[in-house]
Amino acid sequence: MLAYLIRRLLWLPVLLIIVSFITFALGYYGPADPIAALLGQHYDPEIAARLAHEYGFDQPFLVQYVKYLGRIIRLDFGESIKYRNQPVSRLLLPRLLVTIQLNAVASFIGVLLGVSLGVIAALKRGKATDRVVVSGVVFGRAIPVFVAGPILLFLFARTIPVLPPGGWDGIFSRSAILPVLLLAIGPLAIFARQTRAGMLEVMGRDYIRTARAKGMREMGVVTAHALRNAFIPLLTILGFLLGSLVEGTFLTETIFGIPGMGQFAFEALGGRDYPVIIAVTLLVAVAYALGNLFVDLAYGFVDPRIRQA
Amino acid sequence: MSTQAQADLRKEVTDEATRPRRSLWGSVWARLRRNRPAMVGLIIVILMYLTAIFAPLIAPYEFDEINLENVIAGPSLEHPMGTDELGRDVFSRVVWAARSAAFVSIAVTAFGLTLGIFFGVLSGYLGGWVDTLIMRLGDVLFAFPGLLFVFFIAATIKPGLTTWLKGVGLGDVARSDYLDYLVVIIALSLVGWPGLARLIRGQLLSLKRREYILAAQAIGVPTWRIMLRHLLPNSMPPVIVAVSGGMGAIILSEATLSFLGIGLQPPNPSWGAMLFQYYPYWRHASLWPLLFIPAAILVIVVLAFSFLGDGLNEALNPQLD
């Protein structure tokens, strides 16, 4: 276990260095000349050269990359182009908090509902309940967030106007209900599908037959034997959950006008605000890497066979 | 041996020889045809690509034909799905957007498959440090969450790509309407290949040790013939399943990028861009139907691809339950 832990932990900084290199290289070669953009029609080669020297743009690529690494380690992502003279990190922090609350509640609800529906469907295999869950899962996986969002708005803010159409008054307000629901659809579908498949597989095993044969009650078979073993593979799809949340957050926050990181990044993508785009990409990549590390470790902890791999 | 037994045996042998032979693909098609959702999916997919090919004949108007005299009109004989806020015919835009989706899905699949087969075969065949290098590179790309890397590439490469294209004398391609397609295709291909490379590598590694490959080697079949006649066709089934599921995902990704404003941008027709344009209409009594047109089409197409992919998976791997 220890060797596995160390191997996984050593991979993390390597990964982060590569990720930061890719973002830097794309930010370096990709966008138009920032000096030209800054000067606009007052462009003068002499001033441009002086500014480039001041910002360090005339130094070699690798020197610039190392300096950039030094800055991002201190969480200094530079200043936003749109919000002038405001450091990106100060702009990001309050938005990050909103996004974390939204994601935490949505994934909690999505996983809880998904797992319950999956278990129910597996226990009622072939019956009407099962078919409803299975087709709901197929539909939930096919319907994109930016299709489901406007439809939810249309249903619950227009046809039956019970919920506010957007805005943000904190996670415990009515304005959070629709975004949480929207963001929870993805995890719900994935977890329901996986739980159902896992339960069906486990229910066919010999030890389940043994438990039934020795006269154990069905309730006990399900809770003591089936559920515990069916839950192990669910850990791997926690990784998928992270990925679907990232994408969902971008779209959900944009559709509902929630002042979180997703909407901020959306604005930055539209306005080509590169310091913000790079900062968000790095932050999400780090969060994603940490999340996956946690999932791997948990998996290794639960299932000893993984540690040797 | 009695004559009766001999006659039976002769009959059996003749029956065996005259029985219609079914090729691998023939039996796959036979199994697929029995799967109703997969067939519905296949028909929708074929319809989509036909619409894409014949878009200029089907669409009554150009996708960017503006008519400020007739904005935001409901369905009529001239405009079966109504018009948008610039008076553009919604039906024509939906049809032309099918062409965008088809073009992007085919181009990304072609590029992704080329890179995937190249690196997968290289990795699986050479092994050693080449294998390690390619697989680690894939790991790094996998370490980015899903579409985030695509967002990042799509948002950053445009200016650099324009300069580069002008530099190599392809200034015509750098026009913004072509450039959008190029950006989307590059971003999605770059992220798509590691999955395919990994799949093909795994297939090659497991096939290399099969008895029929060893048998072919033992009787002296040349390596290139083993590759072409045995390894390649036998590694295809999972690739076909991945590609058919992948094309739906590519169409969805293109729509997401366009919805976020970093994919195809107006006036280029895209279902995602149309959704972004129409989604604020949910509150308007007369406009909300506009919202459901690109939404419904997108969901139907994505579902069709997923049913077809599942059907192909079952048809190609009959041992699955």
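All figures in this text were calculated on a predicted structure; none of them were measured in a lab.

1. Notes on the overall build of chain B
For chain B, the helix and strand inventory stands at 12 helices and zero strands. Element order for chain B, N to C, with α for helix and β for strand: α-α-α-α-α-α-α-α-α-α-α-α. Relative to the 2.2 N^0.38 estimate, which gives 20 Å for 321 residues, the radius of gyration of chain B is 25 Å and therefore markedly larger than a compact globule would have. Overall size of chain B, expressed as C-alpha extent along the three principal axes, is 95 × 55 × 35 Å. A total of 321 residues make up chain B; the buried ones form 46% of that total. Partitioning the contacts of chain B with sequence separation of at least 6, the portion at a separation of at least 24 is 68%. Carbon and sulfur atoms make up 65% of the accessible area of chain B, which amounts to about 16,300 Å² in all.

2. Digging into the pattern of salt bridges
All names here are of chain A. Enumeration over the complete set of coordinates arrives at five salt bridges over all chains. Linking R212 and E218 is a salt bridge whose minimum nitrogen-to-oxygen distance equals 2.9 Å. Relative accessible area serves as the criterion here: at 40%, E218 is assigned to the partly exposed category.

3. Section: the nonpolar core
Among the nonpolar cores identified, the biggest contains 170 residues, and F146 and M199 of chain A together with M48, W271 and L298 of chain B are the most heavily contacted of them. In terms of residue count, the dominant contributor to this core is helix α12 (residues 288-316) of chain B (15 residues). Taken domain by domain, this core gets at least three of its residues from each of domain 1 (2-88) and domain 2 (94-308) of chain A.

4. Points about the confidence of the model for chain B
Any residue range with low pLDDT should be treated as having predicted coordinates unsuitable for detailed reading. All names here are of chain B. Across chain B, the average pLDDT comes to 83, with 95% of residues at 70 or higher. The lowest-confidence element of chain B is helix α1 (residues 3-18), averaging 77 in pLDDT; the highest-confidence one is helix α3 (residues 36-53), averaging 93. Predicted complex, confidence summary: ipTM 0.79, pTM 0.83.

5. A short note on the interface of chain A and chain B
Opposite the 43 residues of chain A that make contact, chain B presents 43 residues. For the pair chain A and chain B, the summed buried surface comes to about 3,800 Å²; carbon and sulfur atoms form 82% of the total. At the boundary of chain A with chain B, the tally comes to zero salt bridges. Among the secondary structure elements, those contributing two or more residues to the side of chain A that touches chain B are α1 (2-29), α6 (128-142), α7 (145-159), α11 (234-256), α12 (261-271) and α13 (274-302) of chain A. Taken together, the residues of the side of chain A that touches chain B sort by class into 34 nonpolar, five polar and four charged.

6. Digging into the side chain of S107 of chain A
Mapped onto the fold, S107 of chain A is located in helix α5 (residues 88-123). Not counting residues within four places of it along the chain, the set of residues in contact with S107 of chain A comprises L241 and L245 of chain A.

7. Description of empty space enclosed by the protein
Applying the stated criterion across every chain, the model contains two cavities of 30 Å³ or more. Roughly 60 Å³ of volume is contained in the largest cavity. Of all the secondary-structure elements, those providing two or more residues to the lining of the largest cavity are α12 and α13 of chain A together with α7 (146-167) of chain B. Broken down by class, the residue content of the lining of the largest cavity amounts to eight nonpolar, one polar and no charged. Of the volumes computed, that of the second largest cavity is approximately 40 Å³.

8. As for α5 of chain A
Compared with an ideal rise of 1.5 Å per residue, which puts 36 residues at 52 Å, α5 of chain A spans 51 Å between its outermost C-alpha atoms and is within 8% of the ideal. The largest bend in α5 of chain A amounts to roughly 30° and is located at P94 of chain A.

9. A word on a nonpolar patch on the surface
Residue and element names in this part refer to chain B. Taken together, the side chains of I43, I46, L47, L50, I53, F54, L57 and I58 make up a nonpolar region of the molecular surface, amounting to roughly 770 Å² of accessible area. Every element with two or more residues in the nonpolar patch is listed here: α3 and α4 (55-58). When residues of the nonpolar patch are assigned to their parent elements, the largest contribution, five residues, is made by α3. As for its position among the elements, I46 is in helix α3. Classification of I46 by relative accessible area gives partly exposed; the value is 43%.

10. Here we look at the packing of aromatic side chains
Inspection of the entire model under this criterion finds 15 aromatic pairs over all chains. A centroid spacing of 4.7 Å and a plane angle of 35° characterise the contact between F24 of chain A and Y68 of chain A, whose relative ring orientation is tilted. A residue pair is termed long-range when its members are at least 10 positions apart, and F24 of chain A in helix α1 and Y68 of chain A in helix α4 (residues 61-73) qualify at 44 residues. The exposure class assigned to Y68 of chain A is buried, which follows from its relative accessible area of 8%. Consider the rings of F146 of chain A and F259 of chain B, whose centres lie 4.8 Å apart with planes at 20°: the pair is stacked. Residue F146 of chain A is located in helix α7, and its partner F259 of chain B is located in helix α10 (residues 223-259); the two belong to separate chains. You'll find F146 of chain A and F259 of chain B in the same group, each marked buried. Counting every residue linked through ring pairs, the aromatic cluster contains F146 and F266 of chain A together with F259, F276 and Y279 of chain B. Stacked on the ring of F264 of chain A, the Lys or Arg R95 of chain A has its end atom at 4.3 Å from the ring centre.

11. Here's the deal with the environment of R201 of chain B
Residues and elements named next belong to chain B. Of note, R201 is situated in helix α8 (residues 176-208). In sequence terms R201 and R36 are 165 residues apart; their C-alpha atoms lie 33 Å from each other. A polar side-chain atom of R201 sits 2.6 Å from a polar atom in the side chain of D131.

12. Details of the environment of L68 of chain B
All names here are of chain B. One can find L68 in the loop between α4 and α5 (90-126). Relative accessible area serves as the criterion here: at 61%, L68 is assigned to the exposed category. Remark: the alpha-carbon pair of L68 and A107, spanning 39 residues in sequence, is separated by 35 Å.

13. Quick look at the domain arrangement of chain A
Residues and elements named next belong to chain A. According to the domain assignment, chain A contains domain 1 (2-88) and domain 2 (94-308). Across the boundary between the two partners, domain 1 contributes 22 residues, which contact 22 residues of domain 2. Summing the contributions of domain 1 and of domain 2, the shared interface buries around 1,900 Å²; its carbon and sulfur component is 75%. Put simply, domain 1 and domain 2 have zero salt bridges between them. Between the two partners, domain 1 and domain 2, sit zero residue pairs in polar contact (both at pLDDT 80 or more). Among the elements that make up the side of domain 1 that touches domain 2, the one with the highest residue count is α1 (12 residues). Residue composition of the side of domain 1 that touches domain 2, grouped by class: 14 nonpolar, four polar and four charged.

Criteria and thresholds
- Residues numbered from 1 in each chain as written.
- Chains lettered and ligands numbered in written order.
- Predicted model: local features only at pLDDT ≥ 70, side-chain atom pairs only at ≥ 80, totals over all residues.
- Heavy atoms only, no water.
- Helix = DSSP H or I, 4+ residues; strand = E, 2+ residues; numbered from the N terminus.
- Rg over C-alpha atoms; globule rule 2.2 N^0.38 Å.
- Buried < 20%, exposed > 50% of the residue type's maximum accessible area, 1.4 Å probe, protein only.
- Contact = heavy atoms within 4.5 Å.
- Areas by Shrake-Rupley, 256 points an atom, 1.4 Å probe, with all protein chains shown as cover.
- Salt bridge = Lys/Arg side-chain N within 4 Å of Asp/Glu carboxyl O.
- Core = buried A, V, L, I, M, F, W, Y, C linked by side-chain atoms within 4.5 Å.
- Domains from an automatic or database assignment.
- pLDDT = per-residue confidence, 0-100.
- Buried area = accessible area lost by both parts, 1.4 Å probe.
- Nonpolar A, V, L, I, M, F, W, Y, C, P; charged D, E, K, R; others polar.
- 1 Å grid on protein atoms, 1.4 Å probe; cavity = no way out; pocket = protein on both sides within 12 Å on 5 of 7 lines; lining within 4 Å.
- Points joined across faces, edges and corners; volume = space filled by probe spheres on them.
- Expected span 1.5 Å × (residues − 1).
- Bend = angle between axes of the 7 residues up to and from the residue.
- Patch = residues over 30% accessible without salt bridge, like charges linked within 9 Å, V, L, I, M, F, W, Y side chains within 5 Å.
- Phe/Tyr/Trp six-rings, centres within 6.5 Å; stacked < 30°, edge-to-face > 60°.
- Lys NZ or Arg CZ within 6 Å of the ring centre and 35° of its normal.
- Polar contact = N/O pair within 3.5 Å; in protein donor to acceptor, adjacent residues only side chain to side chain.

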